[in-house]
Structures are given as C-alpha cells and as structure tokens.
Amino acid sequence: MVRTYEEAVAWIHGRLRLGMKPGLKRMEWMMEQLGHPERRVRAVHIGGTNGKGSTVAYLRSILQAAGYSVGTFTSPYVEQFNERISINGEPISDQEIVELVRVIQPLADELEQTEFGGPTEFEVITAMMLYYFGKQNIQDIVLVEVGLGGRLDSTNIIYPLLSVITNVSYDHMNILGDTLGQIAAEKAGIIKSGVPLVTAVKEPEAWEVIAKTAAERKAKTYRLGVDFTVSERQATVEGEQFSLVTPFAEYRDLRIQMPGAHQVDNAAVAVMAAELLRLGYSFLIEPEHIADGLATAAWPGRFERVSGKPLIILDGAHNEAGIRALVETVRAHYPDKRVHVLFAALTDKPLERMIRQLDELADTITFTTFDFPRAAAAEQLYALSSHRHKATVHRWKKWIGEQKTRLSAQEMLLITGSLYFISEVKKSLCKKNLLSTTSMKWYNEDKEK
C-alpha cells in the first residue's frame, strides 16, 4: 500500500507498461466494485480532436462566474499531475491523490487476476476521478474530457447531461482509423440516447457520421454554423472579439483572451453548452456570467504568452489541424514579427505535414527532442524539413535561455509540437525564473480562479 504522494504517482505511471487497451470491461468491473460512483456524477462529456481543454476552460469559467462549483478531468497536465482532477481550476491535493490510489490499487491488483487483465494508467486515473467526484467530493457539475477517441475511451462509462464533440481531424490514426469517417465514428461513440449534442464539426465526411449516429440515438444536435452562428469576429490586442446568435439568445461583443479563430469556435461551443444546461437542467446562468466567464478563461499551453519582452509563446499544437490553427493565429496577431520556431513532437504524429506548415511560417526552425517514450529524434524531424534555415539542438533548456537574450523587439520565439514537450518547457522556465513578471502573474491568477 502506498504511503507517500511520490509512491502514489509512481504507481500510477507504472501502469504505462500496460499501454492502451481500448474497451470498457475493466472500467465496468471497477465501477461495480466501487458501488457505481459514476452514476452520481452530473457531467458534461467533451470529446473531439482539438480544443477539448480550451472548451473545458471556457465552460468551467462560465459556470464558476454563475456561482457553481465545477470539477474537471483533463489530460495531459502541464505542470503538476494533480491538475488532471481539479475543482474550480485548483488541482486536488497530494494527500487526496494518495487516498484515491489507496482505494483503487487493491482493485487494480484484483482485476489483474481476472480475464480482463490489469487496468491501464488512464483507466486508473479515470476510476480515481469518478470515485472522487461520485463519492468523496460531489460537485454541482463535472466537465469530463475524453482521453482518446470516445467509443472505447474509459470516460465513456458516464451518462452525461450533455455531450460535446469539438471537431474531427486526423490524429491517432493508428488507433482511430485512416479516414475522417472512421475517426468520427469513434468520436461519435460518446453520443448517448436522448442526450443533447453540441458540436463544431465542419468536415462533411465527419459530420455525416456524427449526424447519423445522433439521429439513431435521438440526440438533439446543435451544430456551429447551422444552429448557432458566430459573426463580427476580429482579432484584438487581448485576444478575440465576436458576436454569437443561438436558438435562444444573442450575444454582442463577447471577448476571449486566448487568440485564434479556433478559440472563437471553442468559446461558442461552450456558450451553447451553457445555454442547454440553463434550459434543460435549470442552471442559473445569466448573459453576464457568459460574458465574464469567457473574458477570464485561460488554459496553459494554448498560445500562451510566457514572455512579452522578448516575445515567447508556447503552444501545444500536436497534430496537423492544431498546427494549421497555430499558423493562422500567428499570422493574424503577429503579422510583422520574424518567427523563430522550436519544435519537438511524438513519432506517431503526421510529422511531415506538420513541419511543412511550420516551414512556411518560420524565419528559422530548430528541432529538438525530450525525455518521453515516443518523442521523435531531432535528426528525424530535421530530415523532414525543407527550410533553408534549419538546425537541431539537444540542450534545449540552454538554447531557450540564449534565445531570450538575443531576440529583438521585431522577433518572436514560438515553441510547439507536443503538449508533453510544452509541459517540460513550462516547468523549466518556471524553475529558472525565465518567465516574465506579467506571465507569472497571469499564470498564478489563473490557478487561483
């Protein structure tokens, strides 16, 4: 039995040896043993290829502005493992992690002896979250982010108030399928009978699958661009401004601080979800709660400005669609800056297509690697680039420190490619106190919300 926080986290991460084992049998078994805590969790289930974390942040912020206590389950973490299970944006304590592992560890050991085999790391964390929010610390609502796919994801054990599918694009194709239709079928697995669905899916091939699944399950669907629409979008110094019309209300001049057209889509989806909670489940959410919630929402590692002078931005764009959105955002908000890119990524991503887009954006591009099982070698990434000014670096911490002293006011450093890498960079910058005062203030304020 674990005694310390370090032992608890080591045990959880030790489950990585089991890899990914799609399916819900192990989750069903654990929920049965725990007395079905998942049935006591009032949840919104949020899936999709990109934008899940940001959509969680917007919806959480709206609900908090309305006075509700909001649990969240997200992945991966940026600075601290505990972030994955949070209340009102505040990670649960080290001691609570220890207590949850003490509950789940004996079940994992017992399950290992059955025909189902031992639970994976993500299954263990999901079980911890459901036990915590279903038995130990029940919240007004819990926003549950899908881990991978949807249909066979361990979070799909819940029966939510609402389902959300942000978008569908190419990612994890070795698991989810080679076509948008196949990937959409996996994402659509979170659609439940009679449970409303909010989505920003645009691609016809993906939408056809989702619409068919929703119709079969009699899930009323609200689609961005059809049932609720954004207008008057414009980039601002602080982020984005836009107006929104839903079937139930009209909102003028909404503001968000996370830049990018894709973030406007995520925010619009969160507003639509908030409206459905208000109308369908009597959540007392007023227009000012929506405006205030959107304006204050933030999410680390998503076009996060960690330094203003010089300008350094971290963005966990980890697939083709994410990189495309990142490139568009840089061009919209910093059209006159010379862009220096530092890129590290995982081997199971469409690396060539991702790098091709960055080649077109960057004035210089530098490739590196980091300590992670699936991290691509810097030389592998370098070989995929056709940029005239490309390089590799292995001591990226030292390299970032040097760049910070060299960058002029006309330049920016963009660090991207993997959320896991961004997490390592963020921790390094905090440790060396290389974050600007304004960035640290922003980050700490966000943690306190």
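Residues numbered from 1 in each chain as written. Predicted model: local features only at pLDDT ≥ 70, side-chain atom pairs only at ≥ 80, totals over all residues. Heavy atoms only, no water.

- Naming follows an unreviewed UniProt entry, where the protein chain appears as tetrahydrofolate synthase of Geobacillus icigianus.
- Quoted verbatim from the Catalytic activity (unreviewed entry) field of UniProt, the annotation for the protein chain is "(6S)-5,6,7,8-tetrahydrofolyl-(gamma-L-Glu)(n) + L-glutamate + ATP = (6S)-5,6,7,8-tetrahydrofolyl-(gamma-L-Glu)(n+1) + ADP + phosphate + H(+)".
- In UniProt, the protein chain has this text filed under Sequence similarities (unreviewed entry): "Belongs to the folylpolyglutamate synthase family." (UniProt positions renumbered as here; feature names shortened; annotations may be inferred.)

## Here we look at the overall build of the protein chain
- A tally of helices and strands in the protein chain yields 16 helices and 17 strands.
- Over its C-alpha atoms the protein chain spans a radius of gyration of 21 Å, differing by no more than 12% from the 22 Å that the globule rule assigns to 449 residues.
- Its C-alpha atoms give the protein chain principal-axis dimensions of roughly 60 × 55 × 40 Å.
- Each of the 449 residues in the protein chain was classed as buried or not, and the buried ones make up 59%.
- Total accessible area on the protein chain is roughly 18,300 Å²; 49% of this is exposed by carbon and sulfur atoms.
- Put simply, the protein chain has 52 plus and 56 minus side-chain charges, and the middle of one group is 2 Å from the middle of the other. (Helix = DSSP H or I, 4+ residues; strand = E, 2+ residues; numbered from the N terminus. Rg over C-alpha atoms; globule rule 2.2 N^0.38 Å. Buried < 20%, exposed > 50% of the residue type's maximum accessible area, 1.4 Å probe, protein only. Areas by Shrake-Rupley, 256 points an atom, 1.4 Å probe, with all protein chains shown as cover. Lys, Arg positive; Asp, Glu negative; His and termini not counted. Charge placed at Lys NZ, Arg CZ, Asp CG, Glu CD.)

## What to know about the packing of aromatic side chains
- The final tally for this structure, using the stated rule, is 11 aromatic pairs.
- Each ring, one from F370 and one from F421, has its centre 5.3 Å from the other, and the planes form 40°; the classification is tilted. Of the two residues, F370 is situated in the loop between β15 (364-367) and α13 (378-384) and F421 in helix α15 (residues 419-431); the sequence distance between them amounts to 51 residues. Of the two residues, F370 and F421, both sit in the buried class. (Phe/Tyr/Trp six-rings, centres within 6.5 Å; stacked < 30°, edge-to-face > 60°.)

## Examining the pairing of strand β10 (residues 240-245)
- When you tally the buried positions in β10, you get five out of six residues, the bulk of the element.
- In this structure, strand β9 (residues 229-235) lies alongside β10, joined through five bridges in antiparallel fashion. Along β10, the bridge assignment pairs S231 with S243.
- Counted along the chain from β9 to the antiparallel partner β10, the turn is four residues long.
- Relative to strand β11 (residues 250-256), β10 runs antiparallel, the two sharing five bridges. Bridge pairing in β11 links V245 to E250. (Pairing = 2+ DSSP bridges.)

## Description of the pattern of salt bridges
- Counted under the stated rule, the structure contains 18 salt bridges.
- Among the salt bridges present, the one from E7 reaches R3, with a minimum N-O distance of 3.3 Å.
- Between E232 and R252 there is a salt bridge, with its nearest N and O atoms 3.3 Å apart. With a gap of 20 residues between them, E232 in strand β9 and R252 in strand β11 connect regions that are remote in the sequence.
- Accessibility expressed as a relative area gives 44% for E232, which makes it partly exposed.
- When salt bridges that share partners are traced, they join E232, E250 and R252 into one network. (Salt bridge = Lys/Arg side-chain N within 4 Å of Asp/Glu carboxyl O.)

## Quick look at unusual backbone geometry
- Look at the link from S75 to P76: it is a cis peptide, with omega at -10°.
- The topology assignment puts P76 in the loop between β2 (70-73) and β3 (85-87).
- Positive phi, normally seen in glycine, also occurs at H36, with a value near 55°.
- Examined against the element boundaries, H36 turns out to sit in the loop between α2 (25-33) and β1 (43-47).

## Description of the sheet that holds β15
- Taken together, six strands build an open sheet; the order of strands is β12-β13-β17-β14-β15-β16 and the sheet is mixed. If you trace the sheet from one side to the other, it starts and ends with β12 (304-307) and β16 (390-392), each paired once. Strand after strand, the sheet turns through a mean of 25° between neighbouring axes, direction not considered.
- The pairing of β15 with β16 spans three bridges and is classified as parallel. By the bridge assignment for β16, T366 is matched with A391.
- Of the strands in this sheet, β12, β13 (311-315), β14 (338-343), β15 and β17 (411-416) are in contact with helix α14 (residues 396-406), which crosses β17 at around 160°.
- Packing against the sheet, α15 makes contact with β12, β13, β14 and β17, and its axis sits at approximately 125° to β17. (Axes fitted to C-alpha atoms, helices over the stretch in contact; angles between N-to-C directions. Contact = heavy atoms within 4.5 Å.)

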